[in-house]
Amino acid sequence: QVQLVESGGGLVQAGGSLRLSCAASGSIGSINAMGWYRQAPGKQRELVTTITEGGSANYADSVKGRFTISRDNAKNTVYLQMNSLKPEDTAVYYCNAELTVAWPNRTYTYWGQGTQVTVSS
């Protein structure tokens, strides 16, 4: 069984930094795209950033220049480095991975449990 385990959330002041990690474990055949989403109270879930297995990344305009996504394919782990955090970045951040399980040979989308990021003024 496959699961995504997130870590790194917390409380920081505006202008601070956090680094989120998400590790995929289980009977994984291959991982395609991985990414991060976030959802604040009263708002819809929004895409923050994604990265392909080849390392190509894209970002939402709201985080471009401040956040950096990276991945370690050997560890099946994706990271999100968040710098210059703003109060509006406060949300639950969810890891996402599109992967193929070892058996049966099917592709699924998996989500982490979410980690809270709170940025104070």
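Residues numbered from 1 in each chain as written. Predicted model: local features only at pLDDT ≥ 70, side-chain atom pairs only at ≥ 80, totals over all residues. Heavy atoms only, no water.

Chemist: How would you summarise unusual backbone geometry if you had to cite specific residues and measurements?
Modeler: With glycine set apart, most residues show a phi of negative sign, and most peptide bonds adopt trans. The amide bond that connects Trp103 to the next residue, Pro104, takes the cis arrangement and shows omega of -10°. Structurally, Pro104 can be placed in the loop between strand 9 (91-101) and strand 10 (107-111). Positive phi, close to 50°, is recorded for Asn76, a residue that is not glycine. In this structure, Asn76 sits in the loop between strand 7 (67-72) and strand 8 (77-82). According to the relative accessible area criterion, Asn76 is partly exposed, its value standing at 25%. (Helix = DSSP H or I, 4+ residues; strand = E, 2+ residues; numbered from the N terminus. Buried < 20%, exposed > 50% of the residue type's maximum accessible area, 1.4 Å probe, protein only.)

Chemist: Before we move on, could you go through the packing of aromatic side chains and cite the residues and values that matter?
Modeler: Using the criterion set out here, one finds 2 aromatic pairs in the structure. Both rings, one in Tyr108 and one in Tyr110, keep their centres 6.1 Å apart while their planes meet at 65°; by these two values the pair is edge-to-face. On the basis of relative accessibility, which here comes to 34%, the residue Tyr108 falls in the partly exposed class. Across the ring face of Tyr37, the terminal group of Arg45 is positioned such that the distance to the ring centre comes to 5.3 Å. (Phe/Tyr/Trp six-rings, centres within 6.5 Å; stacked < 30°, edge-to-face > 60°. Lys NZ or Arg CZ within 6 Å of the ring centre and 35° of its normal.)

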